[in-house]
Amino acid sequence: MSSEVHQAHAAAEQVTPTAYISEHLQNLTNTGGPQSSIIDFSVINLDTIFWASLMGFVAVLILLIAARRATPGVPGRFQCLVEMIVEMVDTQAKSIVHGNRTFIAPLALFVFFWVILLNTLDLIPVDWVLGVNHFIESFGVHVPHHRLVPTTDLNATMGMSLSVLLLVFFYSFKIKGVGGFLHELVSAPFGAKWYLAPFNLALNIIEYLAKGVSLGMRLFGNMYAGELVFLLIALLGSVWTFNLDLSLFGLVGHVIAGSAWAIFHILVILLQAFIFMMLTLVYIGQAHSHH
């Protein structure tokens, strides 16, 4: 009888594919539960803040180590790689931003490294939290939810996008002055005619909103889709039983498909970091130009 009760209890606790995906896409919040509304500033995604801050620190650390190890002689592999990336970013900054790049070029370099590190977290196995929980539960600690990749959280990518937009406004006021920037809002792109001012202003407001939304949504959409594919591959490999499957289908569905997608996803990781860095330079470069 006890065996039948145990089997019934196990069947009740069996996780469905939908619940499995939902569980992996839920953040660890300060409230202890999921966000109930679309916009709720009282909910803080603790895992997103932790990993975004940690990867930002690692990006700065890598650049500092590269700067201190730089030698005038024949560079090593690490120095050569960093120098190639620095030269690439500096070349793009020179061609896009026509003005003082003392802060802008290092910013673009940091953004490129930071987004790469944030996106690379997506290559960590999706069920790593279960393994970590089994280990830390012996110390009396349990993590109910954890979302590893900050760029799969729209709050993070929109926050990054908003930061870029604030820099655009900062350089617009700095380069053009308050009067010059306000004049540009009502005179471009249709011309400085008084009857065209409302149309110019409306179009510029839409343009700035589109810049902010598209910059954050583009990064989020690509990384979120990649994470979903990893979860679907995990389901495929387990043949929807959530048990270790050593059959040929399990090998193809999990190991081979997962490895192939991970290799392809490396290109997505680098491409999205490059696009975010380039758009940051483009938007700041537009703030330096006069219409």
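It should be emphasised that the depicted structure is a prediction, and the values quoted were computed from it without experimental measurement.

1. Some details on helix α4 (residues 77-96)
Because each turn of an α-helix spans 3.6 residues, side chains separated by three or four positions end up pointing in the same direction.
Next up, step 1: Over its 20 residues, α4 extends 29 Å from the first C-alpha to the last, a length consistent with the 28 Å expected when each residue adds 1.5 Å.
Next up, step 2: Residues of α4 that are buried include every one of Q79, V82, I85, V89, A93 and I96, and no others. Within α4, the buried residues cover an arc of 135° as seen down the axis, which keeps them to one side. In α4, those exposed residues whose orientation departs by more than 90 degrees from the buried face are R77, M84 and E87.

2. A word on empty space enclosed by the protein
Next up, step 1: Under the defined criterion, the tally for this structure stands at 2 cavities of 30 Å³ or more.
Next up, step 2: In this structure, the largest cavity encloses a volume near 120 Å³.
Next up, step 3: Counted by class, the lining of the largest cavity contains 9 nonpolar, 3 polar and 3 charged residues.
Next up, step 4: In this model, the second largest cavity occupies a volume close to 30 Å³.
Next up, step 5: Taken together, L215, R218, L219, Q272, I275, F276 and L279 form the lining of the second largest cavity.

3. With respect to the nonpolar core
Next up, step 1: If you look at the biggest cluster of nonpolar residues, it comprises 47 residues, and the most contacted ones within it are M55, W114, V115, M160, F276, M277 and L281.
Next up, step 2: Of all the secondary structure elements, the ones that give two or more residues to this core are α3 (46-69), α4, α5 (104-120), α7 (154-187), α8 (197-237) and α9 (248-288).
Next up, step 3: Here this core gets 13 residues from one element, more than from any other, and that element is α5.
Next up, step 4: Ignoring any residue separated from it by four or fewer positions in sequence, one finds M160 in contact with W114, V115, L118, L219 and F276.
Next up, step 5: In terms of nonpolar packing, the next biggest core, distinct from the first, is built from 8 residues, V126, F230, L231 and L235 among them.

4. Digging into the packing of aromatic side chains
Ring pairs (aromatic) are described by centroid distance and by the angle formed between their planes.
Next up, step 1: Scanning the model with the defined rule gives 12 aromatic pairs in all.
Next up, step 2: A ring pair is formed by F169 and Y208, whose centres lie 5.1 Å apart and whose planes are at 40°; its orientation type is tilted. Of this pair, F169 sits in helix α7 while Y208 sits in helix α8; the two residues are 39 residues apart in sequence, bridging distant segments of the chain.
Next up, step 3: Overall, the relative accessible area of 12% leaves Y208 in the buried class.
Next up, step 4: Consider the rings of F220 and Y224, whose centres lie 5.2 Å apart with planes at 35°: the pair is tilted. Within this pair, F220 and its partner Y224 are both found in helix α8, separated by 4 residues, close to a single helical turn.

5. Structural notes on the environment of Q79
Next up, step 1: Residue placement: Q79 occurs in helix α4.
Next up, step 2: Judged by relative accessible area, which is 9%, Q79 ranks as buried.
Next up, step 3: Measuring from C-alpha to C-alpha, the distance between Q79 and L63 comes to 10.0 Å, with 16 residues separating the pair along the chain.
Next up, step 4: The contacts of Q79, once residues within four sequence positions are left out, are R69, A70 and T71.

Conventions adopted
Residues numbered from 1 in each chain as written. Predicted model: local features only at pLDDT ≥ 70, side-chain atom pairs only at ≥ 80, totals over all residues. Heavy atoms only, no water. Helix = DSSP H or I, 4+ residues; strand = E, 2+ residues; numbered from the N terminus. Expected span 1.5 Å × (residues − 1). Buried < 20%, exposed > 50% of the residue type's maximum accessible area, 1.4 Å probe, protein only. Arc of directions from axis to C-beta. 1 Å grid on protein atoms, 1.4 Å probe; cavity = no way out; pocket = protein on both sides within 12 Å on 5 of 7 lines; lining within 4 Å. Points joined across faces, edges and corners; volume = space filled by probe spheres on them. Nonpolar A, V, L, I, M, F, W, Y, C, P; charged D, E, K, R; others polar. Core = buried A, V, L, I, M, F, W, Y, C linked by side-chain atoms within 4.5 Å. Contact = heavy atoms within 4.5 Å. Phe/Tyr/Trp six-rings, centres within 6.5 Å; stacked < 30°, edge-to-face > 60°.

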